Amino acid sequence: MGTIRTAPHVKIFVGILYSVPELLPRIEDRLSSLLGPIDLRSEAFPFDSTHYYDDEMGTPIQRCFLSFAQLTAPERIAEIKISTNEMEAAIAREHIGPQRPVNLDPGYLELAKIVLASTKNFYHRILISGGIYAEVTQHFESGEWRSLPWTFPDFRSGRYNVFFSTLRTLYHKQIAGKV
């Protein structure tokens, strides 16, 4: 019989899809209120691997990532996804413009993988709590991020790899007590 152990804390990040750049400071403030201080920001990337969100978000759409200083129990990702969905809805109600000016995609990073939270079920996603599913979207092997058959095209492109490698290094220092 295996021994049940407490999972190590993980590094929370949020991928932000947006079509209204002036909303970013408000989004960052709200995410910081929810998740604590931001410790790493990515550059803005064009979200051009799909047109899935164009009708409801408008164009052009960009993506950036924020990570948060406080390490968190991985099982909190369901509660975080529910909160970011509520945040999205509140921003949409407050903003005149596209139906959905922002899409918040929380996830977490461990040394070996990136996990994304979703409200959508599919064969590779596992229900974790309250209608929230989780999927491993990339794993770290032989010094690089590798995709899986279901990895989203924008992640698969490798354009986010520098950010996630930097985040992995920061996380490694945190768990080693060097930050």
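Further up the page is the structure itself.
Being a predicted model, the structure only gives us computed values, none of them experimental.

Details of the pairing of strand β7 (residues 126-129)
Argument step 1. Pairing analysis gives three bridges linking β7 to strand β8 (residues 132-141), with the strands arranged antiparallel. Within the sheet, the bridge partner assigned to Leu127 lies in β8 and is Tyr133.
Argument step 2. What sits between β7 and β8 in their antiparallel hairpin is a turn of two residues, with Gly130 showing a positive phi close to 55 degrees.

Points about unusual backbone geometry
Argument step 1. Pro60 follows Thr59 through a cis peptide bond whose omega is -5 degrees.
Argument step 2. Summarising the element assignment, Pro60 is placed in the loop between α2 (54-57) and β4 (62-68).
Argument step 3. Positive phi, close to 50 degrees, is recorded for Ser142, a residue that is not glycine.

Notes on the pattern of salt bridges
Argument step 1. For the coordinates displayed, the defined rule picks out 14 salt bridges.
Argument step 2. Where Arg100 meets Glu56, a salt bridge forms, and the shortest distance between an N and an O atom there is 3.0 Å. With Arg100 in the loop between α3 (77-94) and β5 (102-109) and Glu56 in helix α2, the pair connects residues that are 44 residues apart, well separated along the chain.
Argument step 3. Accessibility expressed as a relative area gives 22% for Glu56, which makes it partly exposed.
Argument step 4. Overlapping salt bridges, with partners in common, bring together Arg63, Lys81, Asp105 and Asp154 in one network.

Cut-offs applied
- The residue numbers shown here count from 1 along each chain, following its written sequence.
- Reporting of local features is limited, given that this is a predicted model, to residues whose pLDDT is at least 70; pairs of side-chain atoms are given and counted only at 80 or more, and all residues count toward the totals for whole chains, interfaces and linings.
- Heavy atoms from the whole structure form the basis of all side-chain values; hydrogens and water molecules are not counted.
- Two strands qualify as a pair provided DSSP detects at least 2 bridges between them.
- Secondary structure counts use DSSP, requiring at least four H or I residues in a row for a helix and at least two E residues in a row for a strand, with both numbered from the N terminus.
- Each salt bridge in this description consists of a side-chain nitrogen of Lys or Arg and a carboxyl oxygen of Asp or Glu lying within 4 Å of one another.
- Relative accessibility thresholds used throughout: buried, under 20% of the residue-type maximum; exposed, over 50%; partly exposed, between the two (1.4 Å probe, protein chains only).

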